[in-house]
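What follows is the residue order along each chain.
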Amino acid sequence: MVRIITDSAADFEPEELKKMNVACVPLSVSFGQAEYQENINLSKNAFYEMLLAGNGFPCTSQPSPGAFERLFVQGKGEDTVMVTLSSALSGTWQGARAAKERLGARNCYVVDSRNATGGQRLVVEEAVRLRDAGKNGKEIARALEVFRKRIALYACIDTLEYLYRGGRIPRSAYVLGSAARLKPIITVTQEGLVENIGKALGLERGMESLAQKLEKLPPDPAYPIYIMYTDSPDNGERFAARLKKKGYKISRRRLIQVGAAIGSHIGPGGVGVVYVAAEGENRE
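In what follows, the accompanying structure is described. (Residues numbered from 1 in each chain as written. Predicted model: local features only at pLDDT ≥ 70, side-chain atom pairs only at ≥ 80, totals over all residues. Heavy atoms only, no water.)

## Focus: the packing of helix H3 (residues 65-73) against helix H4 (residues 92-103)
Here is step 1 of the chain: In the contact formed by H3 and H4, the axes pass within 9 Å of each other and the chain directions differ by 55°. As the angle between them shows, H3 and H4 are arranged oblique. Where H3 crosses over H4, the handedness of that crossing is right-handed. Residues Pro65, Phe68, Glu69, Phe72 and Val73 of H3 form the contact with H4, whose own contacting residues are Thr92, Gly95, Ala96, Ala99, Lys100, Arg102 and Leu103. (Axes fitted to C-alpha atoms, helices over the stretch in contact; angles between N-to-C directions. Helix = DSSP H or I, 4+ residues; strand = E, 2+ residues; numbered from the N terminus. Parallel < 35°, antiparallel > 145°, perpendicular 65-115°, else oblique. Left-handed = near helix turned anticlockwise from the far one by under 90°. Contact = heavy atoms within 4.5 Å.)

This is the structure in structure tokens:
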């Protein structure tokens, strides 16, 4: 059996990870001098309560090298596939690679999802599907490097301030994308970077702009469409209802709350969609 590991930026709930037999390395988030580990001593709801309470600007940090090593050595010779948050957004991939090299773990494969939250989740779920189909670690890693190119993630957020202050976008993008009442539309590029691709006048128009992305780049019906939201489940439910009216199948369990690792960089008031594009379709 191939061991599958990811980090908490994939935004799985603990019970989901247990059901899929996937291990998870938590990322850390700090408010001032207080540091927490995501899903260990900081739930998603508690994070947003602290954020909205004005407890300061949160800072995130990657797992320690020892956290990776402890999980890697537990494999006892089994193939291991580690799927990480985009290396363009965090040092998690580099840390996992360094741990693999220190241990000399040749049967450990560290895969950069080049994505985050629901996009990273889709890569992990594909790894689980391939594992359950009997593929070995090397086969899974190679397949994921092709699969990740098909993932399309779009989101409407309240402000670019968190992305700018967290160093995820340059000042030029922040200045150009910031305007009163206009909600930035962002995507994750093929290289795993966050890119501002437009603006909408209010959240409702932002949701419609996101819905239009699916029309331009159709989803593969063999894979789920996930709706992401930050602090407000109502936003996620409203957006899901909008997509259902357009004929897309989205169950209640396909709504994902974005956790602290990514929520620290996009802030409250966000909603998004992520899916696997149909084969033969080209992302923008």
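So that's the structure; there's more coming.
## Looking at the pairing of strand E2 (residues 22-25)
Here is step 1 of the chain: Two elements, strand E1 (residues 3-7) and E2, share 4 bridges in a ladder whose sense is parallel. Among the inter-strand pairings, Ile5 is bridged to a residue of E2, identified as Ala23.
Here is step 2 of the chain: The β-α-β motif built from E1, the intervening helix H1 (residues 14-20) and the parallel element E2 has right-handed crossover chirality. (Pairing = 2+ DSSP bridges. Right-handed = clockwise from strand over helix to strand, strands pointing away.)

## Notes on the pairing of strand E13 (residues 271-276)
Here is step 1 of the chain: For E13, a buried count of 6 out of 6 residues is recorded, marking the element as mostly surrounded by other parts of the structure.
Here is step 2 of the chain: Where burial is concerned, the two faces of E13 agree: the one with Val271, Val273 and Tyr275 and the one with Gly272, Val274 and Val276 are both buried.
Here is step 3 of the chain: Pairing of strand E8 (residues 151-156) with E13 involves 6 bridges; the strand directions are antiparallel. Its bridge partner being in E13, Ala152 is matched across the sheet by Tyr275.
Here is step 4 of the chain: Where strand E11 (residues 226-229) lies against E13, 4 bridges are found, and the strand directions are antiparallel. Bridging from a neighbouring strand, Met228 pairs with Gly272 of E13. (Buried < 20%, exposed > 50% of the residue type's maximum accessible area, 1.4 Å probe, protein only.)

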